[in-house]
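Coordinate analysis (summary)
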Amino acid sequence: MTAAFKQPPEQTASSVAAPHIVLRGVAVDFVLERRRNRVLDAIDLDVRKGDFVSLIGPSGCGKSTLLKVMAGLISPSEGSVTVAGLAPQHAVKARLIGLVFQEATLLPWKNAIENAAFLLMVADGAVSRAAAFDRAAAMLRLVGLEGAEKKMPSQLSGGMRQRVALARSLALDPEVLLMDEPFGALDAITREEMSECLLEIWERTGKTIVLVTHSIDEAVYLSREVHVMGANPARIIETLPIHLPFPRNGESYANPAFKAAEHRLRGLLIESHAKRRT
Amino acid sequence: MSNDTVVRSRDTTVLESSHDGGQWLSALGLAAVLVVLWEAAIHVFQVSSFVVPAPTAIVRSLLENWTALAWAALATTQEILFGFCLSAIVGVLIALVIVRFERFGRALYPLIVLFQNVPKVALAPIFILWFGYGLAPKILLIIVIAFFPVAIDMLAGLQSVEPSFVALMRSVGASKGKILLQVRIPHSLPYLMAGLKVAITFSVIGAIVGEFAGANAGLGYVIQFASTQLDTPLIFAALVVVSVLGLACYAIVERAERLMVPWAPKFESTHA
């Protein structure tokens, strides 16, 4: 790796620092057929540096919108957002934010390593092709895709494609990783594999990760804190710290703390679903 | 896991290609049988050659008139070549303009769809009136017939890039132009090739129709000339040449597609 890339911050899951993402009184209105719809309301959220938090809630409750606000893709109608002390748009320009979506959206005419290097080369006109490829190769190793560099997206399984997408965002070396249901299109076993992979990456790199998911298991297994969102009005109805001990692995699912958190989250989600219907 | 998917896709490709080979063989066999039946029917029912010629009569006419047919084919090929290339350029430019200049595009798109509803063949006499009997009116006719599938397919390709990928590009500060150049255009190439395959068949039709409307060379001209002479075998001979020419043009475009967009799902096996 060249000196041009900053080293991952020295930080482990146990040492958590100052707020990294701060939302205060954030509201988002969408105007649809001249009618103003409040999609998000009164969101206060603090994500500490190096933390792993999940946003969970019924579909259509605005959790993806909230993530897009953090990514600077949607401007809030009210309230303020800062990422690493900057407005999201500036944080994005400073390459502090990496994004991963549900669909891997790899370019089908580029192989794995070209895809992994693509965003970095677009973001940084000054980076040489060789340096970008070195960086991309290192990130493919990190996500467990060593040896698959030359494969075309059509030759990769869904899980592997999503790993390439993750490597592509990690290649930017962002401080914050915003993930919108990244494993939503994968089968159950692949999801668990990807969760383990993500947990390992988080422990090794100390990135701040915000994960949008509708999987209770995923949220509990991965996060240190889960924000439960309710619809109408879309807001955070409860913040649940997860006291599941580290290191987390396959056995964590049987831990009483896991069961307790899962049970609590299920209750909250059922409640918020019921409210939505009325 | 990856091995599984790769092997599976290979298996299906093998299956499909052997299936295709079999289809070709049986199609040729069926054609041969039909030609023999045709020949037999002409002789059994003693059908006059100027109503329906026997296959042997058509072959004889082909051999007798091969220089005239070759010259005519050359003229028609020229029209197809220029017409097709220009329709491709016009179609691509229209699609790019619509995507790049959204506001203008919103105004232009309905006009193009409206224009598509004009029966283009009916324009042939007007083009003859304006440009005479030469190459120009044929090329113009081909363009107005063949640009549309190119423009529409290319446009669909440019606009079908995953919105989340566009968001990703925007998130790293990529400009609209950069997204167009590095993502939308390469993404649209398989769509463009599909449009070009339609355009090449339209181009052949356009050339023949253009020659019907008024010409002094070309296969369409030969067909019209032969019909005034009641030389039906020559009409059929010219039709055979037109068909072969059309098939050859299509094969070339398809070959280009395989070379240019090997990642198109259909040709997954080429880089496996």
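Predicted, not measured: the structure shown is a model, and the values here were computed from it.

What to know about the overall build of chain A
- Scanning chain A from N- to C-terminus turns up eight helices and nine strands.
- Relative to the compact-globule value of 19 Å for 278 residues, chain A shows a C-alpha radius of gyration of 19 Å, a close match.
- Taken across its 278 residues, chain A has 49% of its residues classed as buried.
- Long-range contacts, defined as pairs at least 24 residues apart, comprise 70% of the intrachain contacts of chain A with a sequence gap of at least 6.

Some points on the domain arrangement of chain A
All names here are of chain A.
- Domain annotation for chain A reports domain 1 (19–96 + 174–277) and domain 2 (107–173).
- Contact residues are listed per partner, giving 12 residues for domain 1 and 11 residues for domain 2.
- Looking at which element gives the most residues to the side of domain 1 that touches domain 2, the answer is helix α6 (residues 188–205), with five residues.
- Per-class residue counts for the side of domain 1 that touches domain 2 are nine nonpolar, one polar and two charged.

Quick look at the interface of chain A and chain B
- At the interface, 23 residues of chain A touch 22 residues of chain B.
- Sorting the residues of the side of chain A that touches chain B by element identifies α2 (88–93), β5 (97–100), α3 (112–123) and α5 (158–170) of chain A as the ones contributing at least two each.

A look at helix α8 (residues 176–213) of chain B
All names here are of chain B.
- With 38 residues, α8 should reach 56 Å at 1.5 Å per residue; the first-to-last C-alpha distance of 45 Å falls well below that figure.
- The largest bend in α8 comes to about 45 degrees, at L189, with the proline P190 one to four residues further on.
- Positive backbone phi, at 160 degrees, marks G214, one or two positions downstream of α8.

Structural notes on the confidence of the model for chain A
- Here chain A shows a mean pLDDT of 85. Residues at 70 or above account for 93%.
- For the stretch residues 1–16 of chain A, pLDDT sits under 50, and the model shows 22 contacts to residues farther than four places along the chain or on other chains.

Regarding the sheet that holds strand β7 (residues 208–213) of chain A
All names here are of chain A.
- Strand order across the open sheet formed by six strands is β5-β6-β7-β3-β8-β9, with mixed pairing between neighbours. Two strands lie at the open edges of the sheet, namely β5 and β9 (235–241), each paired on one side alone. For this sheet, the mean inter-axis angle between neighbouring strands, taken without regard to orientation, is 20 degrees.
- Where helix α1 (residues 63–70) meets the sheet, it contacts β3 (52–56), β6 (176–180), β7 and β8 (225–230), and its direction lies at approximately 155 degrees from that of β7.

Cut-off values and rules
Residues numbered from 1 in each chain as written. Chains lettered and ligands numbered in written order. Predicted model: local features only at pLDDT ≥ 70, side-chain atom pairs only at ≥ 80, totals over all residues. Helix = DSSP H or I, 4+ residues; strand = E, 2+ residues; numbered from the N terminus. Rg over C-alpha atoms; globule rule 2.2 N^0.38 Å. Buried ≥ 20, exposed ≤ 12 C-beta atoms within 10 Å, placed from the backbone. Contact = placed C-beta atoms within 7 Å. Domains from an automatic or database assignment. Nonpolar A, V, L, I, M, F, W, Y, C, P; charged D, E, K, R; others polar. Expected span 1.5 Å × (residues − 1). Bend = angle between axes of the 7 residues up to and from the residue. pLDDT = per-residue confidence, 0-100. Pairing = 2+ DSSP bridges. Axes fitted to C-alpha atoms, helices over the stretch in contact; angles between N-to-C directions.

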